[in-house]
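Coordinate inspection notes
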Amino acid sequence: METDTIKKTLPVLKMSCGACATSAQKILTRQEGVTSASVNFATETAQIEFDPKKTDTSKLKAALQGAGYDLEIEEGEASSEKLENLHEENYKALKKKVTGAIALCIPLVIIGMTPALMHMEYSNWVMWLLSTPVVLYFGKDFFIRAYKQAKNRSFNMDTLVSLSAGTAYIYSVFNTLFPQFWHARGLHPDVYFEAAAVVIAFVMLGKLLEEKAKGNTSSSIKKLIGLQPKTVVIIGADGNQSEIPIAQVQIGDIVLVKPGEKIAVDGKVIQGTSFVDESMITGEPIASEKKADDKVFAGTINQKGSFQFRAEKVGGSTLLAQIIQMVQEAQGSKAPMQKLVDKIAGIFVPIVIGIAILCFVVWMVAGGDNAFTHALLSFVTVLVIACPCALGLATPTAIMVGIGKGAENGILIKDAESLETIQKVDTVILDKTGTITEGKPQIVDIKWNVEPTEALKNVLFSIEKSSEHPLADAVSAYFSKDAQYINNIQIESITGQGIMGTHEGSKFYIGNLKLISNANVSLDAATKEWIEKRLNEANTVILFSNEHEVLSTIAIADKIKQTSIEAINQLQKAGIEVYMLTGDNEQTARSIARQANIGHYQAGLLPADKTNFIKQMQAEGKIVAMVGDGINDSAALAQANVGIAMGQGSDIAIDTAKMTIISNDLTKIPQAIKLSKQTNRTIRENLFWAFIYNLIAIPIAAGVLYPFTGFLLNPMIAGAAMALSSVSVVSNSIILKYKSL
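Residues numbered from 1 in each chain as written. Predicted model: local features only at pLDDT ≥ 70, side-chain atom pairs only at ≥ 80, totals over all residues. Heavy atoms only, no water.

Regarding the environment of Gln602
As for its placement among the helices and strands, Gln602 is situated in strand β23 (residues 600-602). Given the relative accessible area of 34%, Gln602 is considered partly exposed. On a C-alpha basis, the gap between Gln602 and Glu586 in space is 7.8 Å, while along the polypeptide they are 16 residues apart. (Helix = DSSP H or I, 4+ residues; strand = E, 2+ residues; numbered from the N terminus. Buried < 20%, exposed > 50% of the residue type's maximum accessible area, 1.4 Å probe, protein only.)

Okay, structure coming up:
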């Protein structure tokens, strides 16, 4: 019998490097009832799927706490605020520790590096006094976490730091207390208090800079969350207004929106008109007009007007909440490349410890007079410089920035894998209605047989405004700006033909050829030719006449979006094949394909036909992206290598797709491909610098240059280099934010 599992994305606290994420992931995966777990170091989150009958978040939290980590199990807005406050508090606490450590390290380094001072009678005791707070107070967390890791047979950055700093400190304390041990053997008892303390200080400074930089990589989420207002004004059944927290809004509540306010939840306008800035969700810069029955979305900003709307989606159901959740989950997901890096990070620390021990042994055997000193220094330096922070941050920070940048540009990316895959796409398949076209009928041409006076326009507009036919909306929308509604018109609908209106004793007809024919209104040759031409272009033609003559003929079609033509041209120039698949008839499909400059199209397809077509393309070795907006596209979206849904399409299509174009603008697809290439280039750059850093740094730290140059890397410099490597990788990821699409 199948069990129902649930998925949660929860923050993981107290991780210090990529190996920590690997360790935490292993701990979660080992727990009973956990189906899968993925821990991301950069986002500090765990995506966990588990059976609620066998375990719960409290048990998972306890398991991580036993290893020195923690799990934030509260959810919702309060949890987000609590987590944000916790990160802020941790950052401030770390800043204080770093400040205190550096303040003590400055005189410590001066004493330890100045010959006149280091040979004073009590210099070792002074350095011990200065280094102890740094190592045992400011740096105590390294030792605590390393101990908990060791209990779980795991190793991470804390292991390396605590081993290196602890070894240098204990060795120095021994030499300070028992110098005669070395004197008796003809050796000078050197101390390395400054190395132990400065390693701790530099690693903490690196973490501080890293935390600051990582905060910048997730700025897109903070911006999205910031779009949600805290309170909302509700109009009760008695007409009274009351201000309540957004969390208390219920479906069906009447919400008042004043000029300049953010809209709190999704709903439908019931009273008033205004223009609403939806750019933060759709990416469109022009404010959208809102009137009765129009939809409004949480996070968008009302302009000058005031209106009331009925709440339809609240809490986590709103479009904004879904966008935030999608971006958070995507930023926490792992690209295929990252999974390989995680494996490397998991075995990296034990290998480094092995290299450090080997260095120590080799120096002891072949080091000559200063064998122990050099052995100790190389042991400490290898441990410090090889911390795998840069390796752990290389991929996830770039993914975070890339997905966040996509969200800010109206491109929602569900997971890291699709962000990595879309750059490889060589075939794009487009649905027609609502994808290439607007998805709603519009007037594409109008021919007047008489002078189009204001009075005639008013009559045409008023009759169509009163009609319930979908095509009438296209006509009334077209004339809404330069025509006025006339009240004293009598309307009569004629089923299957059109509508008749009577104004001041005169009859007017709007409808198809059958209506005009039944009204005994004749057509001249030029009008017949115009109609035939338009029908051949897959337009719908309606006629406007009085009792004697045809006044105008109107061609209506589902118009191609101008951005669709531009996007198709961009894709084709990039060497990507573009296909159009539609369930519409051959004539309409041919017309749209010609206008959009699409050489390959198929018409009259059922949903299964689209899916089979994609399978055929994939069997030929094609990497396919499918773009659609309807329920009928959902199977094809799931089959494609990358499914892309249009934001105004069905919920099922959006749920199935790997990406969503919120603004319905197809030019976002070339942008998504460019973003994918930029992100993957950044990942490769990050991994190159992370690997090359370790490949070069570890041998130098081990002392390979010493026989040739007499150079042996100081642990303090190693600590600074390690910190710099992490910051450089994160900074390189942040640069991605400022590249144009």
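Now, onward.
A look at the packing of helix α6 (residues 140-151) against helix α7 (residues 157-177)
Geometrically, a packed helix pair is captured by the angle between its two axes and the distance between the axes. It is at 8 Å that the axes of α6 and α7 come closest, and there the two elements cross at 120 degrees. For the element pair α6 / α7, the angle class is oblique. Here the hand of the crossing between α6 and α7 comes out left-handed. In this structure, α6 contributes Phe142, Phe143, Arg145 and Ala146 to the contact, and α7 contributes Met157, Asp158, Thr159, Val161, Ser162 and Gly166. (Axes fitted to C-alpha atoms, helices over the stretch in contact; angles between N-to-C directions. Parallel < 35°, antiparallel > 145°, perpendicular 65-115°, else oblique. Left-handed = near helix turned anticlockwise from the far one by under 90°. Contact = heavy atoms within 4.5 Å.)

What about the packing of aromatic side chains?
Taken as a whole, this structure holds 14 aromatic pairs when the rule is applied. Counting every residue linked through ring pairs, the aromatic cluster contains Tyr171, Phe360, Phe372 and Phe379. Over the face of the ring belonging to Phe142 we find Arg145, whose NZ or CZ atom lies 5.6 Å from the ring centre. (Phe/Tyr/Trp six-rings, centres within 6.5 Å; stacked < 30°, edge-to-face > 60°. Lys NZ or Arg CZ within 6 Å of the ring centre and 35° of its normal.)

Here's the deal with unusual backbone geometry
Although it is not a glycine, Asp293 sits at a positive phi angle of roughly 80 degrees. Note that Asp293 resides in the loop between β10 (288-290) and β11 (295-296). The phi torsion at Asn597 lies on the positive side, around 60 degrees, for a residue other than glycine. If you trace the backbone, Asn597 turns up in the loop between α23 (586-596) and β23.

Notes on helix α5 (residues 123-138)
Here α5 is 16 residues long and its end C-alpha atoms lie 22 Å apart, about the 22 Å a rise of 1.5 Å per residue gives. Considering bend angle alone, the principal kink of α5 is centred on Ser131 and spans about 35 degrees; proline Pro133 follows within four residues of it. For α5, the complete set of buried residues consists of Ser123, Asn124, Met127, Leu130, Ser131, Val134, Val135 and Phe138. (Expected span 1.5 Å × (residues − 1). Bend = angle between axes of the 7 residues up to and from the residue.)

Quick look at the packing of helix α22 (residues 562-573) against helix α27 (residues 668-702)
The geometry of α22 relative to α27 is characterised by a closest axis approach of 8 Å and an angle of 40 degrees between their N-to-C directions. Two secondary-structure elements touch here, α22 through Ala567, Gln570 and Leu571 and α27 through Ile669, Pro670 and Ile673. Among the residues making up the contact of α22 with α27, the classes are represented as five nonpolar, one polar and no charged. (Nonpolar A, V, L, I, M, F, W, Y, C, P; charged D, E, K, R; others polar.)

Things to note about a nonpolar patch on the surface
Nonpolar side chains collect at one region of the surface, where Tyr122, Trp125, Val126, Phe174, Leu177, Phe178 and Phe181 lie side by side and expose about 650 Å² of accessible area between them. When residues of the nonpolar patch are traced back to their parent elements, those giving at least two are α5 and α7. Inspection of the secondary structure puts Val126 in helix α5. Taking relative accessible area as the criterion, Val126 reaches 35% and is therefore assigned partly exposed. (Patch = residues over 30% accessible without salt bridge, like charges linked within 9 Å, V, L, I, M, F, W, Y side chains within 5 Å. Areas by Shrake-Rupley, 256 points an atom, 1.4 Å probe, with all protein chains shown as cover. Salt bridge = Lys/Arg side-chain N within 4 Å of Asp/Glu carboxyl O.)

A look at the pairing of strand β9 (residues 274-277)
A regular strand places its side chains on the two faces of the sheet in alternate fashion. As paired strands, β9 and β10 are joined by three bridges and run antiparallel to one another. The residue of β10 that forms the bridge with Ser274 is Lys290. Two strands pair when backbone bridges link them, and β9 and strand β12 (residues 301-302) are joined in this way by two bridges, in the antiparallel orientation. Note that in β12 the partner of Val276 across the bridge is Asn302. (Pairing = 2+ DSSP bridges.)

Here's the deal with the sheet that holds strand β3 (residues 45-50)
Taken together, four strands build an open sheet; the order of strands is β2-β3-β1-β4 and the sheet is antiparallel. Lying at the two open borders of the sheet, with one neighbouring strand each, are β2 (34-40) and β4 (70-71).

Considering the side chain of Asn664
You can see Asn664 is positioned in the loop between β26 (659-661) and α27. With residues up to four places along the chain from it excluded, the contact list for Asn664 reads Gly434, Lys561, Met646, Gly647 and Gln648.

Structural notes on helix α24 (residues 607-619)
Relative to the 18 Å expected for 13 residues at 1.5 Å per residue, α24 spans 19 Å between its end C-alpha atoms, a close match to the ideal helical length. Lys610, Thr611, Phe613, Ile614 and Met617 are the residues of α24 that are buried. The arc that holds every buried residue of α24, seen down its axis, measures 155 degrees, which confines them to one face. Those residues of α24 that are buried are in contact with β15 (427-431), β22 (577-581), β23, β24 (624-628) and α25 (634-639). (Arc of directions from axis to C-beta.)

Some points on the pattern of salt bridges
In this structure the tally under the stated criterion is eight salt bridges. For Lys61, the salt bridge is made with Asp70, and the minimal N-O distance between the two is 3.0 Å. Classification of Lys61 as partly exposed rests on a relative accessible area of 22%. Judged by relative accessible area, which is 14%, Asp70 ranks as buried. Lys622 serves as the salt-bridge partner of Glu577, at 2.9 Å between the closest nitrogen and oxygen. Taken together, the residues span a long stretch of sequence, with Glu577 in strand β22 and Lys622 in the loop between α24 and β24 at a distance of 45 residues. With relative accessibility at 26%, the residue Glu577 sits in the partly exposed group.

Section: the pairing of β15
Within β15, five of the five residues are buried, which leaves the element mostly enclosed by the surrounding structure. Residue alternation in β15 divides its side chains into two sets, Thr427, Ile429 and Asp431 and Val428 and Leu430, and both sets are buried. Note that β15 and β22 share five bridges and pair parallel. In the sheet register, Val428 faces β22, and the bridge partner there is Val578. Where β15 meets β24, four bridges bridge the pair, whose relative direction is parallel. Its bridge partner lying in β24, Val428 is registered against Ala625.

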